[in-house]
Amino acid sequence: MTPVRLGALAMAAVALLASCAGPPEGPTAAQAGETLKAHITQLMGDAGLKQIEVTDPGGRDVPCAGGTKRTYGVSADVEGGDGTLLEMTGRLTGMLGYRVDMAAATASHRTVFKRDSSRTTVVLDLPAEHRLTVAGETDCVPAGDG
């Protein structure tokens, strides 16, 4: 076999193996849901917020396109407004490894953070002057992974 044909055969074998590979490795929906809950709980505790209320306890599979996802949400009273949001942004990006996926418009105070390795998204929103909501969800994970 010529080197050109051998190279073409090797490339075809690599392409075949890649097409047979399953979905990307990563946590299941249940595992990602636990990570999400832990991150939001840590975030709220570190920020020292008062009157924390769980608005979405999560812990259950939510059907999505071809799979399941998990959710979790809390709200809390805040005194620092923008300062608290900046502090929480620093904690999410610096300590917990999230990246800003969608930055807030000046008036909305809503920012979306993603962490691909844990398949999680966290949304910080301050729609009222002194009430912060933090909502999270996992990626839609194929039903076999959840």
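Look above for the structure.
Residues numbered from 1 in each chain as written. Predicted model: local features only at pLDDT ≥ 70, side-chain atom pairs only at ≥ 80, totals over all residues. Heavy atoms only, no water.

Chemist: How would you summarise the sheet that holds strand E2 (residues 62-64) if you had to cite specific residues and measurements?
Modeler: On the basis of which strands lie adjacent, the open sheet formed by 3 strands has the order E2-E3-E9 and antiparallel pairing. Whereas interior strands pair on both sides, the edge strands pair on one side only; in this sheet they are E2 and strand E9 (141-142). Relative to strand E3 (residues 67-69), E2 is paired through 3 bridges, and the arrangement is antiparallel. If you follow Val62 over to E3, its bridge partner there is Lys69. (Pairing = 2+ DSSP bridges. Helix = DSSP H or I, 4+ residues; strand = E, 2+ residues; numbered from the N terminus.)

Chemist: Tell me what's going on with the nonpolar core, and back it up with residues and numbers.
Modeler: In summary, soluble globular proteins display a tendency toward joint burial of nonpolar side chains. Grouped together as the largest cluster of nonpolar side chains are 21 residues, with contacts concentrated most on Met88, Leu124 and Val134. Breaking this core down by element, the ones donating at least two residues are helix H2 (29-46), strand E4 (71-77), helix H3 (82-95), strand E7 (120-128) and strand E8 (131-138). Broken down by element, this core gets its largest block of residues, 4 residues, from H2. Discounting residues that sit within four places of it in the chain, Met88 has contacts with Leu43, Met44, Ala47, Leu49, Leu124, Leu132 and Val134. (Core = buried A, V, L, I, M, F, W, Y, C linked by side-chain atoms within 4.5 Å. Buried < 20%, exposed > 50% of the residue type's maximum accessible area, 1.4 Å probe, protein only. Contact = heavy atoms within 4.5 Å.)

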